[in-house]
Amino acid sequence: MRKKIWLKRLLKVIAFFGIFLIVLGIIFNQLVFSLLIGVGSIDINYGNNERGNAIMEFALSKIKKPRASTYHAISVQNTKNGNYNIAITALEKAYKINPNEVGAYYGWVLLYYYHDYKKAIALLNEYNALTPKFSDYAMGECIHYLKGLAYKELGDYELALKEFDLSIKNSLEEHDESWIDYQILLNRGITLFYQNKNEEAITEFERVIKNYNECSEAFYFKGLALVNLNKKVEACSSLTKSLVLIKKGYKSFDSYVELFHEVYEQDINEAISKNCI
């Protein structure tokens, strides 16, 4: 009788450890495949696009329920390397799994990398609606500023100004004007310049220069606005200042994408040649 009881207990222990080992094996395998995603991402970072994506594709095929963060990671590195078809497909899958987690980045990347301004605005609006009592930030940038950029690129300047104003207002609620990101004021000025509101645009560029007097873009666009007002002497002075600054390396840029308001030395030289010589 005692042998039977002991045998039953032994079988239960064996069964328990058997199940435990199976579960542990499954979990371990899933962890290994998740780590392979990171290995593939690093490989892509070093320029091995085909091999890196092959590693990640294999790992994904073995993961039972990939998380949004997994697809997100795949998308980020492929976007940086210009593999946009792979990147956007992965990002769309991430968004379907967890829109709240991925929405801000999706809107941001659509704006800067894919130039899909309408969809970017829609996604940024959805994300911002999650917290109606305050304005959100996507990748460190104010939602309203990002939407303003999108509207500016669509040529809807009034809505662009409205969004820039909201971003400025939010900054002024906690800090003085010196805390406002100069890019917001700069793009507000450029928007006014595009509307041929040259005097108002110049006021914005001077606000930028007041807080950041090495902004070559502000001097450049200020010079163009002064040209439109037929103030050639002041215009040439501003354009020359812009050229000096850009030659010293004072230039807005991004390592991966061209900014919407990016100015190059040849642009300034052309403006000077046309209006000052």
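Our structure's up above, just so we're on the same page.
Residues numbered from 1 in each chain as written. Predicted model: local features only at pLDDT ≥ 70, side-chain atom pairs only at ≥ 80, totals over all residues. Heavy atoms only, no water.

Visitor: An account of the packing of helix H7 (residues 143–154) against helix H8 (residues 157–172) is requested, with residue identities and associated values reported.
Guide: For the pair H7 and H8, interaxial distance at closest approach is 8 Å and the crossing angle is 165 degrees. When the interaxial angle is binned, H7 and H8 end up roughly antiparallel. Note that H7 runs across H8; the crossing there is left-handed. Residues His144, Tyr145, Lys147, Gly148, Leu149, Tyr151 and Lys152 of H7 form the contact with H8, whose participating residues are Tyr157, Leu159, Ala160, Glu163, Phe164, Leu166, Ser167 and Asn170. Broken down by class, the residue content of the contact of H7 with H8 amounts to eight nonpolar, four polar and three charged. (Axes fitted to C-alpha atoms, helices over the stretch in contact; angles between N-to-C directions. Helix = DSSP H or I, 4+ residues; strand = E, 2+ residues; numbered from the N terminus. Parallel < 35°, antiparallel > 145°, perpendicular 65-115°, else oblique. Left-handed = near helix turned anticlockwise from the far one by under 90°. Contact = heavy atoms within 4.5 Å. Nonpolar A, V, L, I, M, F, W, Y, C, P; charged D, E, K, R; others polar.)

Visitor: For the layout of surface pockets, give the residues involved together with the corresponding values.
Guide: By volume, the second largest pocket is sized at about 200 Å³. For the second largest pocket, the full set of lining residues is Asn53, Met56, Glu57, Leu60, Tyr71, Ile74, Ile86, Thr89, Ala90 and Lys93. At the level of secondary structure, the elements contributing two or more residues to the lining of the second largest pocket comprise helix H2 (49–62), helix H3 (68–80) and helix H4 (84–97). (1 Å grid on protein atoms, 1.4 Å probe; cavity = no way out; pocket = protein on both sides within 12 Å on 5 of 7 lines; lining within 4 Å. Points joined across faces, edges and corners; volume = space filled by probe spheres on them.)

Visitor: Before we move on, can you summarise the pattern of salt bridges with the specific residues and values?
Guide: With the rule as written, the count across this model stands at nine salt bridges. Between lysine 152 and glutamate 153 there is a salt bridge, and its shortest N-O distance comes to 2.9 Å. Taken together, the shared-partner salt bridges in this structure form one network comprising Asp165, Arg188, Glu204 and Arg207. (Salt bridge = Lys/Arg side-chain N within 4 Å of Asp/Glu carboxyl O.)

It is worth stressing that arrangement in space is one thing and function is another; only the former is reported here.
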